Amino acid sequence: MLTELHTTESEATTREAVNRAVSTLHAGEPVALPTETVYGLAADALNETAVKRVFEAKERPSFDPLIVHVPDKKSIRDVAEIPDDLDKIVTQLVETFWPGPLTIVLPKKPHIPDEVTAGLPTVGVRMSNHPIFGKVIKAFGGPLAAPSANRFGRVSPTSAAAVMDELDGRIPLVIDGGACARGIESTIVALEENEPKPLIRILRLGPVTADDLKKFGKIDKSRRNEAVEENAPEAPGMLASHYAPNTPLRMPESAAEFVPEPGKRYALLSYRGQEKDGFLDLVDWEEIAILSPGSGRLPEAGIRLYHVLRQLDQLGVDEIIAEPFPDRGVGSAILDRLKKAASIR
Ligand code: AMP
Ligand code: MG
């Protein structure tokens, strides 16, 4: 299959790209689209055949559910059944964080196909704030199922070039909307009625942090950990293989813990490239990639993480060594992804 790549540099090219995306989606084919988190592979969420194409292109196992994107805030009610006792918190979260990188897991409406939710009675719903994604989904006029536009078990793409690396020849259309503004997958929460405040269970850490969420409910982290240990089907996005480069990756707790083996070639994934962090001089690194040079800004590190991991993966080194990241803000989501990438070998 020939994969068309459309840019969105001018008004005219954007209009053409959006039209092309909408007609492809209406024809039941998947389209790779930019979102603020990572590129998504979108398909008509109500068309089972179109959804199957997404699974095929990604080689994604059918037990892994897709996130459903809606065109506007009110449309959450078209795809999810919101229990009365959660109505208030759902409204608050939607009003505060949408459009934006927060996915809310709720009981699904019956017309959402089982293919989308992997047979689960729940659906993860999100509204992207990416202007191109917004134009496409509004013109399309219905919900789009859109997981990350990578082959299963690989690093999520944060540019159109990365999507082409992943899916060239497997899908008909990629829309280039530039680099993703957040660079890391959406935060996923499940909600539970509880007194005095509802429980917010963080199923996947992301750009919306526990700190951002805590005024709306009681953050339940214990459940998250339990689910990770069991690989609970409730959030397969938590499986380690989702976030791993091909090159083995290790994250020592401190510089002292890293003892290089003679003859091995290493690359360093550094947070801010500072000598005082202790990693720069440990070995003759094949490459040092710095995520946020200088004093270090975690959101910037998040934006660059997958792009830089892809670059380091190309080097053919024996191992990528990742510096530890501060466990706060977006740093917690970065740590989460790196720990998972490190744990699978
Ligand atoms: P991706 O967009 O590729 O990161 O994949 C979507 C991820 O969203 C899945 O792997 C799950 O972790 C999560 N997800 C989607 N739907 C649900 C759901 N109904 N319940 C829990 N998690 C979900
Ligand atoms: Mg994914």
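In this text, all values refer to a predicted model and were calculated from it rather than measured experimentally. (Residues numbered from 1 in each chain as written. Chains lettered and ligands numbered in written order. Predicted model: local features only at pLDDT ≥ 70, side-chain atom pairs only at ≥ 80, totals over all residues. Heavy atoms only, no water.)

1. Some remarks on the nonpolar core
Operational definition: As used here, the term nonpolar core means buried Ala, Val, Leu, Ile, Met, Phe, Trp, Tyr and Cys residues forming a set that is joined through side-chain atoms within 4.5 Å. Each residue's exposure class comes from its accessible area (1.4 Å probe, protein chains only) as a fraction of the maximum for that residue type: buried when under 20%, exposed when over 50%, partly exposed otherwise. When checking whether two residues touch, look at their non-hydrogen atoms; a contact exists if any pair is within 4.5 Å.
Ranked by internal contacts, the top residues of the largest apolar core, which has 79 residues, are W98 and L269. When residues no more than four places from it in sequence are discounted, the contact partners of W98 are V70, K73, I76, L93, I104, V125, R126 and M127. Counting 17 residues, the second largest nonpolar core, distinct from the first, contains L25, A42, I137 and L144.

2. Side note on the environment of R170
Selection rule: Secondary structure elements are defined from DSSP: runs of H or I of at least 4 residues count as helices, runs of E of at least 2 residues count as strands, and each element is numbered from the N terminus. The definition of a polar contact used here is a pair of N or O atoms within 3.5 Å, where within protein one atom must be able to donate a hydrogen and the other to accept one, and adjacent residues in sequence count solely through side-chain atom pairs.
In this structure, R170 sits in the loop between α7 (160-167) and β8 (173-175). When the C-alpha atoms of R170 and A255 are compared, they prove to be 42 Å apart, with 85 residues separating the residues in sequence. Ignoring sequence-local partners within four residues, the contact set of R170 consists of M1, T3, E56, A57, E59 and R151. Polar side-chain contacts of R170 include one of 2.9 Å to the backbone oxygen of A57.

3. Concerning the environment of A17
For A17, the position within the fold is in helix α1 (residues 11-26). Its relative accessible area of 1% is what places A17 among the buried residues. On a C-alpha basis, the gap between A17 and I175 in space is 6.6 Å, while along the polypeptide they are 158 residues apart. The residues touching A17, leaving out its near neighbours within four places in the chain, are H6, T7, T8 and I175.

4. As for the pattern of salt bridges
Where side chains of opposite charge bring their charged atoms close, a pairing between them can arise. Selection rule: Put simply, a salt bridge is a Lys or Arg side-chain nitrogen that is within 4 Å of an Asp or Glu carboxyl oxygen.
Scanning the model with the defined rule gives 21 salt bridges in all. In this structure, D64 engages R60 in a salt bridge whose closest nitrogen and oxygen atoms are separated by 3.3 Å. The exposure class of D64 is buried, given its relative accessible area of 1%. For R60, a relative accessible area of 11% gives the class buried. Here E300 ties to R297 by a salt bridge, and the two come within 3.7 Å at their closest N and O atoms. Note on E300: relative accessible area 24%, which makes it partly exposed. Through salt bridges that share partners, E185, D336, R337 and K340 make up one connected network.

5. So, the pairing of strand β15 (residues 319-322)
The cut-off we apply is this: Only strands joined by at least two bridges in the DSSP assignment are considered to pair.
The alternating pattern of β15 places E319 and I321 on one face and I320 and A322 on the opposite face, and all of these are buried. Examined bridge by bridge, strand β12 (residues 249-250) and β15 share two bridges and lie parallel to one another. The partner of R250 across the bridge, within β15, is I321. Taken together, the four bridges between strand β13 (residues 266-270) and β15 define a ladder with parallel strand orientation. Paired with L269 across the strands is A322, a residue of β15.

6. Description of the pairing of strand β3 (residues 40-44)
Working note: regular strand, side chains alternate between the two faces of the sheet. Here β3 lies mainly inside the structure; five of its five residues are buried. Where strand β2 (residues 31-33) and β3 come together, three bridges link them in antiparallel fashion. Each bridged residue has a counterpart across the sheet, and for V31 the counterpart in β3 is A42. Counting the residues between successive antiparallel strands, the hairpin from β2 to β3 contains six residues. Pairing analysis gives two bridges linking β3 to strand β7 (residues 144-145), with the strands arranged antiparallel. Each residue of the ladder has a partner; that of D44, found in β7, is L144.

7. Looking at the packing of α1 against helix α6 (residues 131-140)
Going by this rule: Angles here are taken between N-to-C directions and fall from 0 to 180 degrees, while the axes themselves are lines fitted to C-alpha atoms, restricted in helices to the stretch in contact. Any angle that is under 35 degrees is reported as roughly parallel, and any over 145 degrees as roughly antiparallel; angles of 65 to 115 degrees are reported as roughly perpendicular and all others as oblique. By convention, the crossing between two helices is left-handed when the near helix turns anticlockwise from the far helix through less than a right angle, and right-handed when the turn is clockwise. The residue classification treats Ala, Val, Leu, Ile, Met, Phe, Trp, Tyr, Cys and Pro as nonpolar and Asp, Glu, Lys and Arg as charged. All others, Gly included, are polar.
Two numbers describe how α1 lies on α6: the axes approach to 9 Å, and their chain directions differ by 50 degrees. Judged on the interaxial angle alone, α6 and α1 are oblique. Of the two elements, α1 crosses α6, and the hand of that crossing is right-handed. Residue-level contacts link T14, V18, A21, V22, L25 and H26 of α1 to I132, K135, V136, A139 and F140 of α6. Grouping the constituent residues of the contact of α1 with α6 by class yields eight nonpolar, two polar and one charged.

8. Some thoughts on the sheet that holds β2
Reading across the sheet, the eleven strands line up as β1-β8-β2-β3-β7-β4-β6-β5-β9-β10-β11 and stay open at both edges, with mixed pairing between neighbours. Each edge of the sheet is formed by a strand with only one pairing partner; in this case those strands are β1 (4-6) and β11 (218-220). With respect to the sheet, helix α4 (residues 87-97) is in contact with β5 (100-107), β9 (187-192) and β10 (199-204), its orientation differing from that of β5 by roughly 160 degrees.

9. Considerations on the confidence of the model for the chain
Our working definition: Each residue carries a pLDDT score, the predictor's own confidence in it, on a scale running from 0 to 100.
Per-residue pLDDT for the chain has a mean of 93; in total, 93% of the residues score no lower than 70. Under a pLDDT of 50 for its full length, residues 225-234 has, in the predicted model, eight contacts with residues more than four places off or in other chains.

10. Let's talk about unusual backbone geometry
Here the amide bond leading from W98 into P99 is cis, since omega sits at -10 degrees, within 30 degrees of zero. Mapped onto the secondary structure, P99 falls in the loop between α4 and β5. The step from E195 to P196 runs through a cis peptide bond, and the omega angle for that step is 0 degrees. With respect to the helices and strands, P196 occurs in the loop between β9 and β10.

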